[in-house]
Amino acid sequence: MAHEPPITSGGLPEHTHIQKTKDALLETRVAGTLATTPDVQSLDISVAAQSGVIHLSGSVPDQRQIDKAREVAQSVDGVERVVSRLAVGRMGLR
């Protein structure tokens, strides 16, 4: 008989529930760090996490801010890798 992972009250395997919680906390930490970084206009940056990989999307005014956002996101403890789909464009238009 195969060993089945424990199931949470939400019906998800426990390891999946734990990873989703870790990813949600990581998203919050990265978004908060971006929001407090003076050289990054983060209002039009979306942050998503999946198994420690941060996905950035949205628009920023220039390439320098794309580079800075990637650098800042990568510096957050727990981030394995950053995938950027940020584009240079007018703010508020995604």
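Heads up: the structure comes first, above all this text.
The rules behind each value
Residues numbered from 1 in each chain as written. Predicted model: local features only at pLDDT ≥ 70, side-chain atom pairs only at ≥ 80, totals over all residues. Heavy atoms only, no water. Core = buried A, V, L, I, M, F, W, Y, C linked by side-chain atoms within 4.5 Å. Buried < 20%, exposed > 50% of the residue type's maximum accessible area, 1.4 Å probe, protein only. Helix = DSSP H or I, 4+ residues; strand = E, 2+ residues; numbered from the N terminus. Salt bridge = Lys/Arg side-chain N within 4 Å of Asp/Glu carboxyl O. Contact = heavy atoms within 4.5 Å. Expected span 1.5 Å × (residues − 1). Polar contact = N/O pair within 3.5 Å; in protein donor to acceptor, adjacent residues only side chain to side chain. Pairing = 2+ DSSP bridges.

Caption draft 1: Summary view of the nonpolar core. In terms of nonpolar packing, the biggest core is built from 18 residues, with Val 30, Leu 34, Ile 45, Ile 54 and Leu 56 touching the most fellow members. Of all elements in the fold, only α1 (14-35), β1 (45-50), β2 (53-60), α2 (63-75) and β3 (81-88) reach the threshold of two or more residues within this core. Among the elements that take part in this core, α2 stands out by supplying four residues, more than any other.

Caption draft 2: Spatial organisation of unusual backbone geometry. Within the chain, Ser 51 stands out as a residue other than glycine whose phi angle is a positive 55 degrees. Mapped onto the secondary structure, Ser 51 falls in the loop between β1 and β2.

Caption draft 3: Structural detail: the pattern of salt bridges. Tallied over the entire structure, the rule returns two salt bridges. Two residues, Arg 64 and Asp 62, come together in a salt bridge whose shortest N-O distance is 4.0 Å. Residue class for Arg 64 comes out partly exposed when judged on its relative accessible area of 47%. Of the charged contacts, one joins Glu 71 and Lys 68 as a salt bridge, the two residues approaching to 3.8 Å between their closest N and O atoms. Placement of the pair is Glu 71 and Lys 68 together in helix α2, with a separation of three residues, close to one helical turn. When its relative accessible area of 25% is taken as the criterion, Lys 68 is described as partly exposed.

Caption draft 4: Seen up close, the environment of Ser 51. Given the relative accessible area of 47%, Ser 51 is considered partly exposed. Residues Ser 51 and Arg 81, 30 residues apart in the sequence, show an inter-C-alpha distance of 9.7 Å. Excluding anything up to four places from it in sequence, Ser 51 contacts Gln 19, Asp 23 and Glu 80.

Caption draft 5: Region of interest: α2. Between its first and last C-alpha, α2 extends 19 Å over 13 residues, near the 18 Å set by a 1.5 Å rise per residue. The backbone nitrogen of Arg 64 lies 3.2 Å from a side-chain oxygen of the residue at the head of α2, namely Asp 62.

Caption draft 6: Representation of the pairing of β1 within the structure. Going residue by residue along β1, you find Ile 45, Val 47 and Ala 49 tucked away on one face and Ser 46, Ala 48 and Gln 50 left uncovered on the opposite face. Note: β1 against β2, six bridges, orientation antiparallel. In the strand pairing of β2, Ala 48 is matched with His 55. The hairpin turn running from β1 into β2, its antiparallel successor, is two residues long, and Ser 51 in that turn takes a positive phi close to 55 degrees.

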